[in-house]
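# Fold and contact review
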Amino acid sequence: MSKLISRSVTGIALGGFMTFIALTVLMLNDLNLHVSTIWLYMLGSIILGIYFSLATLLFEHETWSPLTQTIIHFLLSMMIFFTFALSFGWVPFNLIAIL
């Protein structure tokens, strides 16, 4: 249980760091966003950070082959990422942007 908490906290920290980088880029380009938009993007970054930190647990499943672990990790990651990226507006909802 402590491993889950530890990895979740690591994910939150990574999500916060990624948000800081994105906000720095926005600030340097002199773009202004509404606070609710920044809050939503930060929430998405934190959730994705938690997911990617916990997703490494798939590679500790010793009965699966490395290929199976990699395929499951890739498919789950794509589903989770695009679910959040499309719903938060990080990626436009069209085929060309998704590919």
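Structure shown above.
Residues numbered from 1 in each chain as written. Predicted model: local features only at pLDDT ≥ 70, side-chain atom pairs only at ≥ 80, totals over all residues. Heavy atoms only, no water.

### Let's talk about the environment of Leu-54
- Considering the arrangement of structural elements, one finds Leu-54 in helix α2 (residues 35–55).
- Distance in space between the C-alpha atoms of Leu-54 and Gly-15 is 13 Å, their sequence separation being 39 residues.
- Excluding residues that lie within four positions of it along the chain, Leu-54 makes contacts with Leu-4, Arg-7 and Ser-8. (Helix = DSSP H or I, 4+ residues; strand = E, 2+ residues; numbered from the N terminus. Contact = heavy atoms within 4.5 Å.)

### What to know about the packing of helix α1 (residues 2–28) against α2
- Here α1 crosses α2 at 140°, and the two axes come no closer than 7 Å. By the criterion of interaxial angle, the relationship of α1 to α2 is oblique. Relative to α2, α1 is oriented so that their crossing is right-handed. Side by side, α1 and α2 meet where Leu-4, Arg-7, Ser-8, Thr-10, Gly-11, Ile-12, Leu-14, Gly-15, Gly-16, Thr-19 and Leu-23 of the first sit next to Ile-38, Tyr-41, Met-42, Ser-45, Ile-46, Gly-49, Ile-50, Ser-53 and Leu-54 of the second. (Axes fitted to C-alpha atoms, helices over the stretch in contact; angles between N-to-C directions. Parallel < 35°, antiparallel > 145°, perpendicular 65-115°, else oblique. Left-handed = near helix turned anticlockwise from the far one by under 90°.)

### Quick notes on a nonpolar patch on the surface
- A contiguous nonpolar patch, built from Phe-17, Met-18, Phe-20, Ile-21 and Val-25 and spanning about 500 Å² of accessible area, is present on the exposed surface.
- Looking at the secondary structure, you find Val-25 in helix α1. (Patch = residues over 30% accessible without salt bridge, like charges linked within 9 Å, V, L, I, M, F, W, Y side chains within 5 Å. Areas by Shrake-Rupley, 256 points an atom, 1.4 Å probe, with all protein chains shown as cover. Salt bridge = Lys/Arg side-chain N within 4 Å of Asp/Glu carboxyl O.)

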